[in-house]
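Residue strings, one per chain:
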Amino acid sequence: MRAALRRRGLSWNGERDPTPLLVPRARDARERHDTLLRHYSYRLFLRDVLKQRDDLRPARLGRYVGPPVVARYLRFLADAGLVRPAARGAYRLCDDRIVSFGGTLEWYVAQLLAREFECASAHGLRIAHAAHGGDYDVIACTEGEVVYLETKSAPPRQIVQEEVGAFLDRIDTLRPDVALFLADTTLRMRDKLVPLFAAEAARRGLGWEATRLERELWRVGPEVYLLNADPDLRRNVGTCLAAHFRGRGIALG
């Protein structure tokens, strides 16, 4: 990873976003947490945990999962040391410094790339002296190429064109071989985010035209992909990576 960045004129010595993550310390608990994070319902549940951090009760955490699942998830978080008892039938977050799910999503996506696609990956990178801030959510290396992923845990309605512009600025600085803009939602991309990419590309005079790969997976520019998490985050990341790597291979027809 360091060498790949160094070849692009960027110096990174392991600096990361120091914000604590909603991730257990114990290895077994981390592995279980990673497995649960594959489920969209668990990721939504964790967002609610962060919102209700001081008074975590099953009745307040059941917007996306039923009571038995809420109870199971809470037990796991307690056993993993992420929440602790606060009152009868209630818990609270152990680490008040965790204010956002974004860093945890970055951690999970980096784990996914390493586990499922055997990439060398890092999350929450802080690249000193890089143009446009040097904050990169996930960078991975595989087959001699650099993969960059921007992850968004907020719903599409909260994503604005300036964020798309910042993503394209970071692409211009990093010069990855393929870049993915991942919105962790099951909502459609064509309603809000595809038009945002089109508007930002037009503003820059890029001449890009979005094309659909399938469902809500889009190629919005040359080797720049926009994707959601429906029906499955892992599957969608894999589809976009396959589109890139198959596109550079030998085709007989």
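See the structure shown above.
Our subject in this report is the structure included herewith. (Residues numbered from 1 in each chain as written. Predicted model: local features only at pLDDT ≥ 70, side-chain atom pairs only at ≥ 80, totals over all residues. Heavy atoms only, no water.)

Attention now moves to the pairing of strand β8 (residues 217-221). Counting buried positions over the five residues of β8 gives four, a clear majority of the element. Across three bridges, the pairing between β8 and strand β9 (residues 224-227) is antiparallel. Paired with Arg 219 across the strands is Tyr 225, a residue of β9. (Buried < 20%, exposed > 50% of the residue type's maximum accessible area, 1.4 Å probe, protein only. Helix = DSSP H or I, 4+ residues; strand = E, 2+ residues; numbered from the N terminus. Pairing = 2+ DSSP bridges.)

With the exception of glycine, most residues fall at negative phi, and the peptide bonds are largely trans. Residue Asp 230 is joined to Pro 231 through a cis peptide bond whose omega torsion reads 5°. Even without being a glycine, His 132 presents a positive backbone phi close to 65°. Relative to the helices and strands, His 132 is located in the loop between β3 (120-126) and β4 (135-142). With a phi close to 60°, Glu 223 is a non-glycine residue in the positive phi region. Mapped onto the fold, Glu 223 is located in the loop between β8 and β9. Take Glu 223: its relative accessible area is 26%, and that puts it in the partly exposed class.

Let us now look at the pattern of salt bridges. Taken as a whole, this structure holds 30 salt bridges when the rule is applied. In this structure, Arg 47 and Asp 184 form a salt bridge, with 2.8 Å as the shortest nitrogen-oxygen distance. Here Arg 47 is found in helix α3 (residues 40-51), whereas its partner Asp 184 is found in the loop between β6 (178-183) and α7 (193-203), with 137 residues between them in sequence. Owing to a relative accessible area of 2%, Asp 184 belongs among the buried residues under this scheme. Residue Arg 212 is joined to Glu 216 by a salt bridge in which the shortest nitrogen-to-oxygen separation is 3.2 Å. Exposure remark for Arg 212: the relative accessible area of 41% places this residue in the partly exposed category. (Salt bridge = Lys/Arg side-chain N within 4 Å of Asp/Glu carboxyl O.)

Moving on to the nonpolar core. Grouped together as the largest cluster of nonpolar side chains are 48 residues, with contacts concentrated most on Tyr 42, Phe 45, Leu 77, Val 109, Leu 113, Leu 180 and Leu 233. For this core, the leading source of residues is helix α5 (residues 102-117), giving seven residues. For Leu 113, the residues in contact, after removing those within four places along its chain, are Glu 118, Cys 119, Ser 121, Val 138, Ala 140, Leu 149, Val 237 and Leu 241. Counting 31 residues, the second largest nonpolar core, distinct from the first, contains Leu 125, Ile 127, Val 146 and Met 189. (Core = buried A, V, L, I, M, F, W, Y, C linked by side-chain atoms within 4.5 Å. Contact = heavy atoms within 4.5 Å.)

So, about the packing of aromatic side chains. Summed over the entire model, instances satisfying the criterion amount to eight aromatic pairs. Each ring, one from Phe 45 and one from Tyr 73, has its centre 5.1 Å from the other, and the planes form 55°; the classification is tilted. Taken as a pair, Phe 45 in helix α3 and Tyr 73 in helix α4 (residues 67-79) lie far apart in primary sequence, 28 residues in all. An identical accessibility class is assigned to Phe 45 and Tyr 73; each is buried. Ring geometry for Tyr 136 and Tyr 148: centres 5.1 Å apart, planes at 70°, overall edge-to-face. (Phe/Tyr/Trp six-rings, centres within 6.5 Å; stacked < 30°, edge-to-face > 60°.)

This brings us to the pairing of strand β2 (residues 90-93). Alignment of strand β1 (residues 83-87) against β2, held across four bridges, turns out to be antiparallel. Within β2, the residue paired with Arg 84 across the bridge is Arg 92. Where β1 folds back on β2, the antiparallel hairpin that results is connected by two residues, among which Gly 89 adopts a positive phi of roughly 75°.

Let us now look at the packing of α3 against α4. As a packed pair, α3 and α4 sit with axes 12 Å apart at the nearest point and diverge in direction by 65°. When the axis of α3 is compared with that of α4, the two are roughly perpendicular. Here the hand of the crossing between α3 and α4 comes out right-handed. Contacts from Ser 41, Tyr 42, Phe 45, Leu 46 and Val 49 in α3 reach Val 70, Tyr 73, Leu 74, Phe 76 and Leu 77 in α4. Within the contact of α3 with α4, the residues separate by chemical class into nine nonpolar, one polar and no charged. (Axes fitted to C-alpha atoms, helices over the stretch in contact; angles between N-to-C directions. Parallel < 35°, antiparallel > 145°, perpendicular 65-115°, else oblique. Left-handed = near helix turned anticlockwise from the far one by under 90°. Nonpolar A, V, L, I, M, F, W, Y, C, P; charged D, E, K, R; others polar.)

Time to look at the environment of Pro 155. Within the secondary structure, Pro 155 is located in the loop between β5 (145-152) and α6 (161-174). Residue classification places Pro 155 among the partly exposed residues on the basis of a relative accessible area of 22%. Residues Pro 155 and Ala 179 lie 24 residues apart in sequence; the distance between their C-alpha atoms is 20 Å.

Just distances and angles here, no functional claims.
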